[in-house]
2 protein chains.
Amino acid sequence: MTGESRGQRIVALAGGVGGARLVDGLDRTLPAGALTVVVNTGDDFQHWGLRISPDLDTVMYTLAGLSPEERGWGIDGDTFHVLAEAERRGAAGWFQLGDRDLVTHLRRTKGLAGGRTLTEVTTSLCRTLGVERTLLPMSDVPRPTVIETPDGRRIPFQNWLVRERTGPAVAQVHYEGRPDATATVRDALRGADLVIICPSNPYVSIDPILTLDGIAPLLREKQVIAVSPLIGGRAVKGPLAKMVAQIDADEPTSAWVAAHYGDVLDGLLVHPGDAFTTDLPLLETNILIQDRRDRVALAESLLDFARINR
Amino acid sequence: MTGESRGQRIVALAGGVGGARLVDGLDRTLPAGALTVVVNTGDDFQHWGLRISPDLDTVMYTLAGLSPEERGWGIDGDTFHVLAEAERRGAAGWFQLGDRDLVTHLRRTKGLAGGRTLTEVTTSLCRTLGVERTLLPMSDVPRPTVIETPDGRRIPFQNWLVRERTGPAVAQVHYEGRPDATATVRDALRGADLVIICPSNPYVSIDPILTLDGIAPLLREKQVIAVSPLIGGRAVKGPLAKMVAQIDADEPTSAWVAAHYGDVLDGLLVHPGDAFTTDLPLLETNILIQDRRDRVALAESLLDFARINR
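Just so it is clear, the structure is predicted and the values come from calculations on it, not from any experiment.

**What to know about the environment of Gly93(A)**
Residues and elements named next belong to chain A.
Then step 1. Topologically, Gly93 is positioned in the loop between helix 3 (81-88) and helix 4 (99-113).
Then step 2. In this structure the C-alpha to C-alpha distance between Gly93 and Leu83, which are ten residues apart in sequence, comes to 6.6 Å.
Then step 3. With residues up to four places along the chain from it excluded, the contact list for Gly93 reads Leu83 and Glu87.

Written as structure tokens, this is what we have:
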């Protein structure tokens, strides 16, 4: 525990697996009540009539200690009997819904159908799984991320990511629906002493949060530190590197990350060898999270760096 | 195949396991297109936010050859991983939802939420499972069976049957909601040459159908043959025997069955030794279905008896 982080209020903005792992490190480093996690819901979609929130689930399962170390998503040791039966009956089985995982989606769907908000449902899911950190969906209203290809085709994000395996080139990313952050999210950011942008994909995990009404102006008043999702010109996970080339015709470097977040940013953690010339405070440190100890080490480095540059 | 049943249109009214077994015998006996099954939906309920139709599922799984021979309900060899996880998270696990079974409820729930009727959803579920017989829910609108105890408590049927294991005494059975049979069901009955009342519980499987608007008058114009659900003063399965004592203060005999159905009935199959003095045509024959051959034998006896008494 970083002594001086006592009493500090920290908000982490997170997407899926990469974000979840840093959040887990922060969870193990920070005292109770210090950390609030705002999670991207741009990936949310419906499948089999169920309401699925992939990033919320990944963060929740990771904090609950249920995530498989390697794969990152879903529940470790989960079985797939329901999926096998659905496929046997002709369903498209492109989204891997595990049997234990399914309970989360059933409960979320039932809660939302009964008029509860996604924020309320998430709190209740977390409580049942023993997750004590505050996990906040960025919004209680749908804000689906949509991928637009160079020929103008618009593909819902999960279809592009999972079903089409990020094959179609990306010309542009759209955030549809209403840009409403919840009051709870705005309050958490307003009260934050430090905001951490996790090493998640900026286009599809972080920007959906940053583009919500009122969020970017709020962040400009705060100390905001990001961890680069790129190492040596490659994404740690996922399609980010090729998206940088396709969308911005740029190189997937830490300099691109800094330029992308622009004046929101007050500091950036980059991997050794990835530093670049800039006025922005940089910390060169190991940002590749390979095991649980790396998660804590990265969290501690980040909190120290934030304190020094406050 | 009973030669003379060619071209005949037969409608069977069925509840759960007992009904499903006779229907399976009829299915193996009658030519394609000859049999329509009208199934009780009074047991239908919501659980985990899912729309569950226990009797439709039992008949469908039985015709698909998926039912466990012994247990009667659910899918043979099904696993219960989702249920185990739900219980681990504190859910009441009183209703045994199997993993493969769950796919049925997910699809039904999604179909109904999308505006399709229960009749349409049932047809689609049957097609996917290779069931070619026409299976009709008695109604497309909810018509929940409710058990009233002597002290005036009203218990939804599945709660009473499964959760409370038929413990509370029954003063009366109510059929709530709107008494609307579908036009499809009315047309099937109007065109029927023979109507079979399966050996299901009269109070909670058959009466929900008979009490729908216009059904009883239609049946009085038809040849209606029932198979007694009672053998030697006991129910083959379920709580019928004690319900007869509790509700009607009567003995659970074949005579009670005949009196209960009254002028709707044109003949009754009873177990050897269960005949009684009556003007109603009776057939004493083995009505205890123990294996698949018994199903076919009973169906053949019934069709012969119906032909002789036409």
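**Brief notes about unusual backbone geometry**
Residue and element names in this part refer to chain A.
Then step 1. The phi angle at Trp48 is positive, at roughly 55°, despite the residue not being glycine.
Then step 2. Even without being glycine, Thr166 reaches a positive phi, approximately 60°.
Then step 3. Examined against the element boundaries, Thr166 turns out to sit in the loop between helix 6 (157-163) and strand 8 (172-175).
Then step 4. Residue classification places Thr166 among the buried positions, given a relative accessible area of 11%.

**A short note on the environment of Gln158(B)**
Residue and element names in this part refer to chain B.
Then step 1. In this structure, Gln158 sits in helix 6 (residues 157-163).
Then step 2. Along the primary structure Gln158 and Asp250 are separated by 92 residues, whereas in three dimensions their C-alpha atoms are 25 Å apart.
Then step 3. Once residues within four sequence positions are removed from consideration, Gln158 is found in contact with Asp43, Phe45, Pro54, Trp94, Phe95 and Arg163.

**Remarks on the relation of the copies chain A and chain B**
Then step 1. Relative to chain B, chain A is turned by 180° and slid 0.0 Å along the rotation axis, the superposed coordinates differing by an RMSD of 0.0 Å. This pairing of chains is accounted for by a two-fold axis.
Then step 2. In this assembly the copies share their binding face: 100% of the residues contributing to the interface of chain A also contribute to that of chain B.

**Observations regarding the packing of aromatic side chains**
Residue and element names in this part refer to chain B.
Then step 1. For the coordinates displayed, the defined rule picks out six aromatic pairs over all chains.
Then step 2. Where Phe45 meets Phe95, the ring centres are 4.8 Å apart and the plane angle is 70°; that geometry is what we call edge-to-face. Placement of Phe45 in strand 3 (residues 45-47) and of Phe95 in the loop between helix 3 (81-88) and helix 4 (99-113) is noted, with a sequence separation of 50 residues between them. Across the pair, exposure class does not vary: Phe45 and Phe95 are buried alike.

About the criteria used
- Residues numbered from 1 in each chain as written.
- Chains lettered and ligands numbered in written order.
- Predicted model: local features only at pLDDT ≥ 70, side-chain atom pairs only at ≥ 80, totals over all residues.
- Heavy atoms only, no water.
- Helix = DSSP H or I, 4+ residues; strand = E, 2+ residues; numbered from the N terminus.
- Contact = heavy atoms within 4.5 Å.
- Buried < 20%, exposed > 50% of the residue type's maximum accessible area, 1.4 Å probe, protein only.
- Least-squares fit on C-alpha atoms with pLDDT ≥ 70 in both.
- Phe/Tyr/Trp six-rings, centres within 6.5 Å; stacked < 30°, edge-to-face > 60°.

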